[in-house]
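Understanding the architecture of this molecule
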Amino acid sequence: MKIINEDEKEGIVEIVPETLDDLWHLSHIVEVGDNASSKTTRRIQDNTGDKLRSDRGVKKTFYLGLDVENVSFHLFTGKLRLTGVITRGPEDLIPLGSHHTLEVKLNTPITIKKERWPKWAIKRLNQAIDASKKLSAIIVVLEDDTATLGLMRQYGIEYYGPIKGNVSGKRIIDKNRQKNIVQFYEKVIESIRKFDSIQNIVIAGPGFVKNDFYDYLKDNHDDLAKISIIEATGSGGRNGISEVLKKGTVEKLTAENRVALEMSAVDNLLTKIAKNSSKIAYGLKETKNAINLGAVSELLILDTKVASENMGEAMEMVENMKGEVMVISSEHEGGKQLESLGGMAAILRYEIN
């Protein structure tokens, strides 16, 4: 993501989203009540002459602005849509005051105007810009002849696989076993190389396959071996990927990785809850009360709760009192655990009644 124009006085920032991660970040930066404007395409009916019901109209592209009433990001389609009332556009093509959905597109500038940019929104924007400059990591979990990949994204984990091989068990006599192992490894490597700009690879799994795969990389794909480490897990598949994240392995490799940091923060919270710590608040009512008392040292809030519970001012209150605010993605295990606690929780400076 990059900023191409900024006017602090007017509360205007013009941004170019460059990745799916950028769209995900924008879905939490744009709020109801903001004004957003960008190029859009709309089918315009020709009401002149005899062309009426049978005419589906002509698609036209133009610049349009609207006051946002709804923000929706669809993870699996990678689409960010802003719906609201049109405030700017060619009046000969669209009536001002009518509703329209603006689809935010990659590599297309979008201008966001806020009455006031809160600290948490500016921080989120800067994080997105910084993250776009960093490289991702891939977690490869191997078990027997099955591999599952977890691609680290800003919004969470993107799963890829399972990748299946045709490797017989060690006790079965098969003269082609070694050949099939090589074919399986190359199949996994081919999948890894589909992704660009990978800084780190974590090779994990419950058995010895991970070690054999790493040795194969050292002998045949040294460039991948140099950015790889081995991590033991008790299970394979997605559960194995979750284990790696909870261990903080990726966090150590890429300290700025948001997903690993969020998983670690939620895990720390759950540990304190398990120990019956008195310096914890969770759930909407209890957390808001702690914020109002100025007792919050660290606030964890689910991304979906920021807008739905109108938490912008409360988040800024925490930051103004030198507290930390972390918005947790609802798309990974840590987010689901936080959701079960009411979608927000806080670690407190002192005990409150």
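Residues numbered from 1 in each chain as written. Predicted model: local features only at pLDDT ≥ 70, side-chain atom pairs only at ≥ 80, totals over all residues. Heavy atoms only, no water.

With respect to unusual backbone geometry
Cis geometry marks the peptide bond from Gly161 to Pro162, where omega comes out at 5°. By secondary structure assignment, the location of Pro162 is in strand β10 (residues 156-164). A positive phi angle, near 55°, is found at Asp144, a position not held by glycine. Mapped onto the fold, Asp144 is located in the loop between β8 (136-143) and β9 (146-153). The class for Asp144 is exposed, based on a relative accessible area of 58%. Located in the positive-phi region is Asn276, a residue other than glycine, with phi close to 55°. Positionally, Asn276 belongs in the loop between α8 (258-274) and β13 (280-282). Note on Asn276: relative accessible area 68%, which makes it exposed. (Helix = DSSP H or I, 4+ residues; strand = E, 2+ residues; numbered from the N terminus. Buried < 20%, exposed > 50% of the residue type's maximum accessible area, 1.4 Å probe, protein only.)

Describing empty space enclosed by the protein
Regions of empty space are outlined by a rolling probe, equal in size to a water molecule, passed over the atoms. Scanning all chains against the criterion turns up 1 cavity of 30 Å³ or more. For the largest cavity, the full set of lining residues is Ala290, Ile291, Gly294, Ala295, Val296, Met317, Val318, Met321 and Arg349. Looking at the lining of the largest cavity, the elements that each hand over two or more residues are α9 (284-292) and α11 (312-320). Split by residue class, the lining of the largest cavity holds 7 nonpolar, 1 polar and 1 charged. (1 Å grid on protein atoms, 1.4 Å probe; cavity = no way out; pocket = protein on both sides within 12 Å on 5 of 7 lines; lining within 4 Å. Points joined across faces, edges and corners; volume = space filled by probe spheres on them. Nonpolar A, V, L, I, M, F, W, Y, C, P; charged D, E, K, R; others polar.)

Some details on helix α4 (residues 209-220)
With 12 residues, α4 extends 16 Å from end C-alpha to end C-alpha; this agrees with the ideal 16 Å at 1.5 Å per step. Where α4 is concerned, the buried positions are Val209, Lys210, Phe213, Tyr214, Tyr216 and Leu217. For α4, the arc enclosing every buried residue in end-on projection is 155°, short of the 170-degree limit, so these residues lie on one face. (Expected span 1.5 Å × (residues − 1). Arc of directions from axis to C-beta.)

Description of a negative patch on the surface
There is a patch of like negative charges on the surface, built from Glu6, Asp7, Glu8 and Glu10. Mapped onto the elements, Glu10 comes out in the loop between β1 (2-7) and β2 (12-16). Residue Glu10 is classed as partly exposed on the basis of its relative accessible area, which comes to 39%. (Patch = residues over 30% accessible without salt bridge, like charges linked within 9 Å, V, L, I, M, F, W, Y side chains within 5 Å. Areas by Shrake-Rupley, 256 points an atom, 1.4 Å probe, with all protein chains shown as cover. Salt bridge = Lys/Arg side-chain N within 4 Å of Asp/Glu carboxyl O. Lys, Arg positive; Asp, Glu negative; His and termini not counted. Charge placed at Lys NZ, Arg CZ, Asp CG, Glu CD.)

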